[in-house]
Amino acid sequence: MKVNDKVMYHFHKNGIYDDMWTVGNSIIVDDKFNSALVCRAIADFNTNGLNKYKDISLSFIVDEYLKQENDILFTKIFDSVESKEDLMKLLIMSSKVIWEANIFKREMALEEIRRNYFNHLPSRKHCIWVMRKQSIDFWRGRLKPFKEYSNSLILYSVSLTGDLFRTNELFLPSDNYSYVECLEASFDYWNPDFSFTDDLKDEYLFQGEVKILDKVL
């Protein structure tokens, strides 16, 4: 739907596009604008390890841990072959990669269905995500547990002039779905039925002009 100077709210992730997110500034969000989360989740996704293991396939690291046949090679990956700390490192890396894989799967499916069937709607790759005032507490709690957002959210009030699309968190494809199931679920995301949803869980995608009004405590 078209909106003009509509006030809504946005959680900005600290450290990304910080130069844009200044009170009084205006941002033009169009197909050249890259969503901080979605574009990066797609473009940067891989199944390597983290930090100093980032150039090593996680599956290789896990295989070496399970085999423990080549101590020289294995100790290059972990400081101590049999320590609990090493196992925790492996679990943390695995959890992170699985989480990113689920985001990648979801976003690829959502974009494929939008592009093929709902291309008049704003892409999650090229939009900003906003909410109504009454949904702030829900989304603050929903986003903070995610590793990607840990303790780095800054809430802004914004004025929007352009195209606004309403959907609901309920329609996001589940992590448990196969890719085919994600594609099927994506139809509901782009063509939502609000008759049985909680409107506090509504999410909005926006393209157009964003005026940054205030930083909200």
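Quick caveat: nothing in here was measured; it's all calculated off a predicted structure.

A. Structural view of the overall build of the protein chain. On a plain count of helices and strands, the protein chain comes out with 6 helices and 5 strands. The linear arrangement of helices and strands in the protein chain, starting from the amino end, is β-β-α-α-α-α-β-α-β-α-β. When burial is assessed residue by residue, the protein chain has 43% of its 217 residues classed as buried. Within the protein chain, residue pairs in contact and separated by at least 24 positions form 78% of the contacts whose partners lie at least 6 positions apart. When the accessible area of the protein chain is evaluated, it comes to approximately 12100 Å², of which 51% is carbon and sulfur surface.

B. Representation of the pattern of salt bridges within the structure. Following the criterion strictly, the structure yields 10 salt bridges and no others. The residue glutamate 100 makes a salt bridge to lysine 96 at a minimum N-O spacing of 3.5 Å. With glutamate 100 and lysine 96 both in helix α4 (residues 84-117) and 4 residues apart, the pair spans about one turn of that helix. Using a relative accessible area of 23% as the deciding quantity, one classes glutamate 100 as partly exposed. A relative accessible area of 17% means that lysine 96 is categorised as buried. Each member of the salt-bridge network shares a partner with another, and the members are Arg106, Glu107, Arg124 and Glu203.

C. Here's a closer look at helix α5 (residues 136-143). Along α5, the positions that sit buried rather than exposed are Ile136, Trp139 and Leu143. Mapping the buried residues of α5 onto a view down its axis gives an arc of 70°, with all of them on the same face. Tucked into the core, α5 has its buried residues touching β1 (2-13), β3 (128-130), β4 (153-168) and β5 (202-216).

D. Representation of the packing of aromatic side chains. Inspection of the entire model under this criterion finds 10 aromatic pairs. Through a chain of ring-to-ring contacts, three or more aromatic side chains come together here, namely Tyr117, Phe118 and Phe187. A cation over a ring is seen here: arginine 166 above phenylalanine 194, with NZ or CZ 3.7 Å from the ring centre.

E. Representation of the pairing of β5. Sheet topology places strand β2 (residues 26-29) next to β5; 4 bridges connect them, and they run antiparallel. In the sheet register, isoleucine 27 faces β5, and the bridge partner there is valine 210. Here 3 bridges tie β3 to β5, and the two strands are oriented antiparallel to one another. Residue pairing for β5: isoleucine 128 is matched across the bridge by phenylalanine 206. Here β4 runs beside β5; their pairing, made up of 14 bridges, is antiparallel. Looking at the pairing, threonine 167 lines up with glutamate 203 of β5.

F. Highlighting the confidence of the model for the protein chain. Averaged over all residues, the pLDDT of the protein chain equals 86, while 88% of them reach at least 70. The least confident element of the protein chain is helix α3 (residues 71-77), whose mean pLDDT is 55; the most confident is helix α6 (residues 179-190), at 97.

G. Representation of the nonpolar core. Core analysis: the largest hydrophobic core is formed by 23 residues, its most contacted members being Phe11, Trp129, Met131, Tyr189, Trp190 and Leu205. Taken together, the elements giving at least two residues each to this core come down to β1, α4, α5, β4 and α6. Examining the composition of this core, we find that 4 residues originate from one element, α6, more than from any other. Dropping the residues within four chain positions of it, tryptophan 129 is found in contact with Tyr9, His10, Phe11, Trp139, Leu143, Glu203, Tyr204 and Leu205. Met8, Ile27, Ile128 and Ile212 belong to the second largest nonpolar core, which has 16 residues in total.

H. Spotlight on unusual backbone geometry. Unusually for a residue other than glycine, aspartate 5 sits at a positive phi of about 55°. Summarising the element assignment, aspartate 5 is placed in strand β1. Positive phi is not limited to glycine here, since tyrosine 17 has a value of about 60°. Mapped onto the elements of the fold, tyrosine 17 is located in the loop between β1 and β2.

I. Just the environment of serine 152, in detail. Looking at the secondary structure, you find serine 152 in the loop between α5 and β4. For serine 152, a relative accessible area of 11% puts it in the buried group. Sequence spacing of serine 152 and lysine 13 is 139 residues, and the spatial spacing of their C-alpha atoms is 5.7 Å. Here serine 152 is in contact with His12, Lys13 and Asn14, once residues within four sequence places are set aside.

Rules used throughout
- Within any chain, residue numbers begin from 1 and follow the written order of that chain's sequence.
- At least 70 in pLDDT is required for a residue's local features to be given in this predicted model, at least 80 for side-chain atom pairs to be given and counted, and no such filter applies to totals for whole chains, interfaces and linings, which use all residues.
- The basis for every side-chain value is the complete set of non-hydrogen atoms in the structure, without hydrogens or water.
- Labels follow the DSSP assignment, with helices taken as runs of H or I lasting at least four residues and strands as runs of E lasting at least two, numbered in each case from the N terminus.
- Whether a residue is buried, partly exposed or exposed follows from its accessible area with a 1.4 Å probe, protein chains only, as a fraction of its type maximum: under 20%, in between, or over 50%, in that order.
- Between two residues, a contact is recorded if the distance between any of their heavy atoms is within 4.5 Å.
- Per-residue and other accessible areas were derived by the Shrake-Rupley procedure at a 1.4 Å probe size, with only the shown protein chains allowed to occlude residues.
- Every case where a carboxyl oxygen of Asp or Glu lies within 4 Å of a side-chain nitrogen of Lys or Arg is listed as a salt bridge.
- The directions from the helix axis to the C-beta atoms are what the arc is built from.
- Pairing of aromatic rings covers Phe, Tyr and Trp, the last counted by its six-membered ring, and requires centre-to-centre distances within 6.5 Å; plane angles under 30 degrees mean stacked, over 60 mean edge-to-face, and any other angle means tilted.
- Only when the NZ of Lys or the CZ of Arg is both within 6 Å of the ring centre and within 35 degrees of the ring normal is a charge said to sit over the ring.
- Strand pairing is assigned whenever DSSP identifies at least 2 bridges connecting the two strands.
- For every residue, the predictor assigns a confidence score, pLDDT, that lies between 0 and 100.
- Throughout this description, the term nonpolar core refers to a set of buried Ala, Val, Leu, Ile, Met, Phe, Trp, Tyr and Cys residues connected via side-chain atoms within 4.5 Å.

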